[in-house]
Amino acid sequence: MNAPNLSLAGLDLRAEIERLRKERNAVILAHYYQTPDIQDLADFVGDSLDLSRKAADTSADVIAFCGVRFMAEVAKILSPEKTVILPDMDAGCSLEDSCPPEQFARFRAAHPDHIAITYINCSAAVKAHSDIIVTSSSAEKILSQLPMDQKIIFAPDKNLGAYFNRKTGRDMLLWPGACIVHEAFSETELLKLKAQYPDAPVAAHPECPAYILDHADEVGSTRAILEFALANPAETIIVATEPHIIHQMEKAAPHKKFIGAPGADGNCNCNMCPYMALNTMEKLYIALRDMEPRIELDEATRIAAKRPLDRMLAMASGTVGLGDLGLRVTGD
């Protein structure tokens, strides 16, 4: 359940969150897709997996994860002794929703000669039915270690799976899920934007459909997109992922212009993740105050979900922490 929504009129939310962070011995994590006010007060800002890994390495008793539910579940999987709170328990994910655990289990049973390579954007219960978890930055290295004749189910993101099918020459069986944010980008509007800014490279997340990736100069994880945008000498960069990542780009390179790739209506509004937007400063304060809502996992599920995560970390030790690196944030 979510924390009660009581009147917060007159409160200095940032000061109160700072007070509770110290009192609770809490670490605050913020995904790149969170609003700038939450990013600016977080201890770490980054991609989902390494935020959880960094939190696990701290002495914090409490993890306040400003992201979505599957991310907070990963934090609990890696730090079972810590209390993990999520400002809004309704902050889900369209990829997670597209892959109900019972249906995934039946799908796996119907293809017994396939192993399941599952994108981290899924529930703990689906992870528990998987053989190896991957991130967008680790998937290619993990796939390179598997025989080409190994039959593979890739879930839940059909666009990400199709991208790696094209890149590796495999023919993985794809679960039909997709991210509503990355599916919202319009090829027609992107081409109009490229015509307006012909010298601007396009950086895109591989969760985008192929008709967007075909026009990209860089395809990579959220962190990889950030690194490309900062390292590329172009003064204007077009960014095809959730637009709140642009906050970190503008902080690191204020002299550059970053433009979010447009949706079908010609603007970026439809490309803001509605699930990420459920987390607010008010809800973060209430969650820290009341220590609710908490992420709870039964131990059997946690252990079963941790096993494919551990396999990923072992197989992709050279990539995890590169494309999924959480940044320590100091000051504003």
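Because the structure is a prediction, the values reported are computed rather than measured.

Undergrad: Explanation requested: the overall build of the chain in the structure shown.
TA: Helices and strands together make up the secondary structure of the chain, namely 16 helices and 13 strands. Since a compact globule built from 332 residues should have a radius of gyration of about 20 Å, the 19 Å found for the chain is in line with a globular shape. Based on the C-alpha atoms only, the size of the chain along its principal axes is roughly 55 × 50 × 35 Å. For the chain, the proportion of its 332 residues judged to be buried stands at 58%. If you take every contact in the chain between residues at least 6 apart in sequence, the share linking residues at least 24 apart comes to 66%. When the accessible surface of the chain is split by element, carbon and sulfur atoms take 51% of a total near 13,200 Å².

Undergrad: Help me understand the packing of aromatic side chains, please; the structure alone is not making it clear to me.
TA: What describes a pair of aromatic rings is the distance from one ring centre to the other and the angle between the planes of the rings. The final tally for this structure, using the stated rule, is 3 aromatic pairs. Aromatic side chains Phe107 and Trp175 sit 5.2 Å apart centroid to centroid with 90° between the ring planes, which places their arrangement in the edge-to-face category. Placement of the pair is Phe107 in helix H6 (residues 101-110) and Trp175 in the loop between strand S8 (173-174) and helix H10 (180-183), with a sequence separation of 68 residues. Classification of Trp175 as buried rests on a relative accessible area of 6%.

Undergrad: Would you take a moment to explain the pairing of strand S5 (residues 114-119) for this structure?
TA: A regular strand places its side chains on the two faces of the sheet in alternate fashion. For S5, the tally of buried residues reaches 6 of 6 residues, placing the bulk of the element in the interior. Taking every second residue as pointing to the same face, both faces of S5 are buried, with His114, Ala116 and Thr118 on one and Ile115, Ile117 and Tyr119 on the other. Looking at chain direction, S5 and strand S7 (residues 151-155) are connected through 5 bridges and run parallel. Residue pairing in the sheet places Thr118 in a bridge with Ala155 of S7. Here 3 bridges tie S5 to strand S6 (residues 132-134), and the two strands are oriented parallel to one another. If you follow Ile117 over to S6, its bridge partner there is Ile132.

Undergrad: It is not clear to me how the confidence of the model for the chain should be interpreted in this structure. Could you clarify?
TA: It should be kept in mind that the predicted coordinates are not to be read in detail where pLDDT is low. Counting all residues, the mean pLDDT for the chain is 92, and 92% of those residues have values of 70 or more. Per-residue pLDDT stays below 50 along residues 321-332; that stretch engages in 44 contacts with residues further than four places along the chain or on separate chains.

Undergrad: Looking at this structure, how should I read the pattern of salt bridges?
TA: Close approach of charged atoms lets side chains of opposite charge pair. For the structure shown, the criterion picks out 17 salt bridges. Notably, a salt bridge pairs Glu23 with Arg19, separated by 2.9 Å at the nearest N-O pair. Of this pair, Glu23 and Arg19 are both found in helix H1 (residues 13-24), 4 residues apart, which corresponds to roughly one turn of the helix. Residue classification places Glu23 among the exposed residues on the basis of a relative accessible area of 52%. Look at Arg19 and you get partly exposed, because its relative accessible area is 34%. Notably, a salt bridge pairs Arg302 with Glu299, separated by 2.9 Å at the nearest N-O pair. Here the residue Arg302 and the residue Glu299 both occupy positions in helix H16 (residues 299-315), the gap between them amounting to 3 residues, near one helical turn. A residue is classified by how much of its surface remains accessible, and Arg302, at 11% relative accessible area, is buried. The class of Glu299 is partly exposed, set by a relative accessible area of 43%. The network of salt bridges with shared partners includes Glu16, Arg19 and Glu23.

Undergrad: Any chance you could explain helix H13 (residues 222-231) here in plain terms?
TA: Count 3.6 residues to each turn of an α-helix, and residues three or four apart come out pointing the same way. Across the 10 residues that make up H13, a large majority, 7, are buried. Here H13 has its buried residues at Thr222, Arg223, Ala224, Ile225, Leu226, Phe228 and Ala229.

Undergrad: Just checking my understanding: could you explain the environment of Leu174 for this structure?
TA: By the element assignment, Leu174 lies in strand S8. Residue class for Leu174 comes out partly exposed when judged on its relative accessible area of 25%. Residues Leu174 and Lys158 lie 16 residues apart in sequence; the distance between their C-alpha atoms is 5.4 Å. Setting aside anything within four residues of it in sequence, one finds Leu174 in contact with Phe154, Lys158, Gly161, Ala162 and Asn165.

Undergrad: Looking at this model, I keep getting lost on the packing of H1 against helix H15 (residues 281-290). Mind explaining?
TA: Helix-helix packing is described using two parameters, namely the angle between the two axes and the distance between the axes. Interhelical geometry of H1 versus H15 gives an angle of 30° and a closest axis separation of 9 Å. Overall, the two elements H1 and H15 adopt an arrangement that is roughly parallel. Classified by chirality, the crossing of H15 by H1 is left-handed. For the pair H1 and H15, contact is made by Leu13, Arg14, Glu16, Ile17, Leu20 and Arg24 and by Met281, Glu282, Leu284, Tyr285, Leu288, Arg289 and Asp290, respectively.

Undergrad: Help me understand the sheet that holds S5, please; the structure alone is not making it clear to me.
TA: What holds strands together in a sheet is hydrogen bonding between their backbones, with the strands either parallel or antiparallel. With respect to topology, 4 strands assemble into an open sheet ordered S6-S5-S7-S8, the strand pairing being parallel. Edge positions in the open sheet fall to S6 and S8, since each of these has one partner strand only. Pairing between S7 and S8: 2 bridges, direction parallel. Across the sheet, residue Ile153 finds its bridge partner in S8, namely Leu173.

Reading the values: the criteria
Once a new chain begins, its residue numbering starts again from 1 and follows that chain's sequence as written. Where local features are concerned, this predicted model is filtered to residues with pLDDT of at least 70; where side-chain atom pairs are given and counted, the filter is 80 or more; whole-chain, interface and lining totals use all residues. To obtain the side-chain values, all non-hydrogen atoms of the structure were used and water was disregarded. Secondary structure elements follow DSSP: runs of H or I no shorter than four residues count as helices, runs of E no shorter than two count as strands, and numbering proceeds from the N terminus. Values of the radius of gyration come from C-alpha atoms, whereas the globule rule sets the reference at 2.2 Å times the count of residues to the power 0.38. In this scheme, a residue with accessible area under 20% of its type's maximum is buried, one over 50% is exposed, and one in between is partly exposed, where area comes from a 1.4 Å probe on protein chains only. In what follows, residue pairs with any heavy atoms lying within 4.5 Å of each other are defined as contacts. For the accessible areas, the method is Shrake-Rupley and the probe is 1.4 Å, while residue cover comes only from the protein chains on display. Stacked, tilted and edge-to-face are the three classes applied to pairs of Phe, Tyr and Trp rings, where Trp contributes its six-membered ring and a pair requires centres within 6.5 Å; stacked means planes under 30 degrees apart, edge-to-face means over 60, and tilted covers the rest. Two strands are said to pair when DSSP picks up at least two bridges between them. Confidence of the predictor at the level of single residues is captured by pLDDT, which takes values from 0 to 100. Any Lys or Arg side-chain nitrogen located within 4 Å of an Asp or Glu carboxyl oxygen qualifies as a salt bridge. Lines fitted to C-alpha atoms define the axes here, with helix axes fitted over just the stretch in contact, and angles between the N-to-C directions of these axes take values from 0 to 180 degrees. With respect to orientation, any angle under 35 degrees is reported as roughly parallel, any angle over 145 as roughly antiparallel, any angle of 65 to 115 as roughly perpendicular, and every other angle as oblique. We call a crossing left-handed when the near helix sits turned anticlockwise from the far one by less than a right angle, and right-handed when that turn is clockwise.

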